[in-house]
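Analysis of the macromolecular model
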Amino acid sequence: MTLEHTLSIIKPGAVRRNIIGQIISRFESSGLRIAAARMVRLSQEQAEQFYAVHRERPFYSELVAYMTEGPILVMVLEGEDAIARNRAIMGSTDPQKATPGTIRFDLGKNTTRNTVHGSDAPETAEAEIAFFFKPDDICPRHE
Ligand code: IDP
Ligand code: MG
């Protein structure tokens, strides 16, 4: 097991629905810790850049429109195997295909409006954390 950091985003729909606390408590009760957090309103350019890997996909413009429609909460989650564990807590991209008990199954509306983002690998976690946070913004737990 490795202590990891991963980027989590609570997407605009979930912020607007006032369910930030419900989502964060799922991370915390699974043993992940919040090492950094901040509310952000993404510009069109920032959303396009963050999701640039999906530039050619048919859902790209809908995704960028969604991610810019209101504030988001960006967080660094810390814990053993945090990247994979966060993905497991989130569930599959399409809420209808996600396992009951996951955030996306329980709270997601559809494949675009699926409440949360989470990094999918160590390289993407590092790049996505650096997109939003400076090293000094991250406060690792002192045991
Ligand atoms: P992930 O968020 O589970 O890693 P990705 O494939 O990286 O899924 O896609 C990024 C985001 O783009 C998804 O969370 C979702 O909001 C949106 N998305 C992905 N696939 C589709 C689709 O087929 N239709 C509509 N939106 C999609
Ligand atoms: Mg992804």
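The structure under discussion appears in the preceding block.
Residues numbered from 1 in each chain as written. Chains lettered and ligands numbered in written order. Predicted model: local features only at pLDDT ≥ 70, side-chain atom pairs only at ≥ 80, totals over all residues. Heavy atoms only, no water.

**Structural notes on the pattern of salt bridges**
It is possible for side chains of opposite charge to pair when their charged atoms get near one another. Summed over all chains, the structure comprises four salt bridges. Here arginine 33 makes a salt bridge to glutamate 78, at a shortest N to O gap of 3.2 Å. Here arginine 33 is found in strand β2 (residues 33-40), whereas its partner glutamate 78 is found in strand β3 (residues 72-80), with 45 residues between them in sequence. Salt-bridge contacts for aspartate 94 lead to lysine 97; the nearest nitrogen and oxygen are separated by 3.9 Å. Accessibility expressed as a relative area gives 17% for aspartate 94, which makes it buried. (Salt bridge = Lys/Arg side-chain N within 4 Å of Asp/Glu carboxyl O. Helix = DSSP H or I, 4+ residues; strand = E, 2+ residues; numbered from the N terminus. Buried < 20%, exposed > 50% of the residue type's maximum accessible area, 1.4 Å probe, protein only.)

**Quick notes on the sheet that holds strand β1 (residues 3-10)**
With respect to topology, four strands assemble into an open sheet ordered β2-β3-β1-β4, the strand pairing being antiparallel. If you trace the sheet from one side to the other, it starts and ends with β2 and β4 (116-118), each paired once. Each strand axis lies, on average, 20° off the axis of its neighbour in the sheet, ignoring direction. Sheet strands touched by helix α5 (residues 82-90): β1, β3 and β4. Its angle to β1, the strand with the most contacts, is close to 35°. (Pairing = 2+ DSSP bridges. Axes fitted to C-alpha atoms, helices over the stretch in contact; angles between N-to-C directions. Contact = heavy atoms within 4.5 Å.)

**A look at the packing of aromatic side chains**
What characterises a pair of aromatic rings is the spacing of the ring centres plus the angle enclosed by the ring planes. Tallying each qualifying case throughout the model produces four aromatic pairs. Taking the centre distance of 5.0 Å and the plane angle of 85° together, the rings of phenylalanine 50 and tyrosine 51 count as edge-to-face. The interplanar angle of 50° and the centroid separation of 5.5 Å between the aromatic rings of phenylalanine 50 and phenylalanine 132 together place this pair among those described as tilted. You can see phenylalanine 50 sitting in helix α3 (residues 44-50) and its partner phenylalanine 132 sitting in helix α7 (residues 122-132), a full 82 residues away along the chain. The class of phenylalanine 50 is buried, set by a relative accessible area of 10%. On the basis of relative accessibility, which here comes to 6%, the residue phenylalanine 132 falls in the buried class. Members of the aromatic cluster, joined through ring pairs, are Phe50, Tyr51, Phe131 and Phe132. Directly above the aromatic system of phenylalanine 133 lies the positively charged group of arginine 38, at a separation of 5.7 Å from the ring centroid. (Phe/Tyr/Trp six-rings, centres within 6.5 Å; stacked < 30°, edge-to-face > 60°. Lys NZ or Arg CZ within 6 Å of the ring centre and 35° of its normal.)

**Details of the site of ligand 1**
Close to ligand 1 lie Lys11, Tyr51, His54, Phe59, Leu63, Arg87, Thr93, Arg104, Thr111, Thr112 and Asn114, which account for all nearby residues. Taking arginine 104, its side chain carries an N or O atom lying 2.9 Å from an oxygen atom of ligand 1. Here asparagine 114 contributes a side-chain N or O atom positioned 2.9 Å from an oxygen atom of ligand 1. Taken by itself ligand 1 offers 520 Å² of open surface, and the protein chains cover 78% of this. (Near = heavy atom within 4 Å. Polar contact = N/O pair within 3.5 Å; in protein donor to acceptor, adjacent residues only side chain to side chain. Areas by Shrake-Rupley, 256 points an atom, 1.4 Å probe, with all protein chains shown as cover.)

**With respect to the nonpolar core**
Core analysis: the biggest nonpolar cluster contains 21 residues, and Ile9, Met67, Ile72, Phe132 and Phe133 have the highest contact counts within it. Looking at this core, the elements with two or more residues in it are β1, β2, α3, α4 (60-67), β3 and α7. If you tally residues by element for this core, the top one is α4, at five residues. With residues near it in sequence (within four places) discarded, phenylalanine 132 still touches Leu7, Ile9, Arg38, Val40, Leu42, Phe50, Ile72 and Val74. (Core = buried A, V, L, I, M, F, W, Y, C linked by side-chain atoms within 4.5 Å.)

**Notes on helix α2 (residues 20-29)**
Turning to α2, its buried residues number three or more, namely Ile23, Ile24 and Phe27. The arc that holds the buried residues of α2, viewed along the axis, is 95°, so those residues lie on one side. Positive phi appears at glycine 31, one or two residues downstream of α2, with a value of about 95°. (Arc of directions from axis to C-beta.)

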